[in-house]
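Observations on the three-dimensional arrangement
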Amino acid sequence: MSDQRPAQRPAQRPLPGPPGWYGPPPFQEVSAGYRRWSGVLLWLAITVAGLMVVALVASIVFLMKADADVDDAAYGYLAVFLWFGIAAAIPVLLALGIPAIIMTRRVRQQERLSHDAVHQGLELGEQ
């Protein structure tokens, strides 16, 4: 038999919450890279949405021009082409916008929680 004692393991602390129930998940801080990517995705989504609005306005102008003169009928086809581009950009807008909104919301929530913690710390220190 070995004279070595088994390694000591630190006692696990129970999660907060009532006994027998799962507690809330541990709070994870948001990194600087996460903040940066939330901003990048948000601005990309805003850019794609802006381009879609410009394409929609341009397609309406092209339709009006095509309707005004028979010789300018090709502008109608260009308007239809822009509509296909708008339809193809909708999934891209959703793929950029939904994660951007979720990430930005999480960043703002963390900033609010850290601001509240600092504010409460100042109040406790003043007393």
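Whatever comes next refers back to the structure up there.
Predicted, not measured: the structure shown is a model, and the values here were computed from it.

**Side note on the overall build of the protein chain**
Scanning the protein chain from terminus to terminus reveals two helices and zero strands. When the 127 residues of the protein chain are sorted by exposure, 17% land in the buried category. Across the protein chain, contacts joining residues at least 24 apart in sequence account for 68% of those joining residues at least 6 apart. By element, 66% of the accessible surface of the protein chain is carried by carbon and sulfur atoms, the whole surface being about 11,000 Å².

**Some thoughts on the packing of aromatic side chains**
Under the counting rule described, the total for this entry stands at one aromatic pair. Their ring planes at 20° and their centres at 5.5 Å tell us that Phe62 and Tyr75 sit as a pair that is stacked. Remark: Tyr75 occurs in helix H2 (residues 74-126) and Phe62 occurs in helix H1 (residues 32-68); sequence separation between them is 13 residues. Arg106 extends its terminal NZ or CZ atom over the ring of Tyr34, reaching a point 5.1 Å from the ring centre.

**What to know about the side chain of Ser38**
With respect to the helices and strands, Ser38 occurs in helix H1. A relative accessible area of 5% places Ser38 in the buried class. One polar contact links the side chain of Ser38 to the main-chain carbonyl oxygen of Arg35, over a distance of 2.7 Å. Discounting residues that sit within four places of it in the chain, Ser38 has contacts with Ala100, Met103, Thr104 and Val107.

**Focus on the nonpolar core**
Core analysis: the largest hydrophobic core is formed by 10 residues, namely Leu41, Ala45, Val48, Met52, Ala55, Ile86, Ala89, Leu96, Ala100 and Met103. When contributions to this core are tallied by element, the ones reaching two or more residues are H1 and H2.

**Focus on the environment of Ala79**
Position of Ala79 among the secondary structure elements: in helix H2. In the structure, Ala79 is positioned 21 residues away from Ala58 in sequence and 7.5 Å away in space, judged by C-alpha atoms. Excluding anything up to four places from it in sequence, Ala79 contacts Ser59, Phe62 and Leu63.

**What about the side chain of Ser59?**
Following the sequence through the fold, Ser59 ends up in helix H1. Within polar-contact distance, the side chain of Ser59 engages the side chain of Trp83 at 3.0 Å. When sequence neighbours within four positions are dropped, the list of residues in contact with Ser59 reads Ala79, Leu82 and Trp83.

**So, H1**
Between its terminal C-alpha atoms H1 stretches 54 Å, which fits the 54 Å expected from 37 residues at 1.5 Å a residue. Listing the buried residues of H1 in full gives Ser38, Leu41, Ala45, Val48, Met52, Ala55, Ser59 and Ala66.

**Looking at a nonpolar patch on the surface**
Taken together, the side chains of Leu56, Ile60, Leu63, Met64, Val80, Trp83 and Phe84 present a nonpolar region at the surface, about 670 Å² in accessible area. Within the residue set of the nonpolar patch, elements represented by two or more residues are H1 and H2. Top element by residues in the nonpolar patch is H1. It accounts for four residues. Mapped onto the elements, Phe84 comes out in helix H2. Taking the relative accessible area as the measure of exposure, Phe84 reaches 61% and is therefore exposed.

Here is what the cut-offs are and how they apply
- Residues numbered from 1 in each chain as written.
- Predicted model: local features only at pLDDT ≥ 70, side-chain atom pairs only at ≥ 80, totals over all residues.
- Heavy atoms only, no water.
- Helix = DSSP H or I, 4+ residues; strand = E, 2+ residues; numbered from the N terminus.
- Buried < 20%, exposed > 50% of the residue type's maximum accessible area, 1.4 Å probe, protein only.
- Contact = heavy atoms within 4.5 Å.
- Areas by Shrake-Rupley, 256 points an atom, 1.4 Å probe, with all protein chains shown as cover.
- Phe/Tyr/Trp six-rings, centres within 6.5 Å; stacked < 30°, edge-to-face > 60°.
- Lys NZ or Arg CZ within 6 Å of the ring centre and 35° of its normal.
- Polar contact = N/O pair within 3.5 Å; in protein donor to acceptor, adjacent residues only side chain to side chain.
- Core = buried A, V, L, I, M, F, W, Y, C linked by side-chain atoms within 4.5 Å.
- Expected span 1.5 Å × (residues − 1).
- Patch = residues over 30% accessible without salt bridge, like charges linked within 9 Å, V, L, I, M, F, W, Y side chains within 5 Å.
- Salt bridge = Lys/Arg side-chain N within 4 Å of Asp/Glu carboxyl O.

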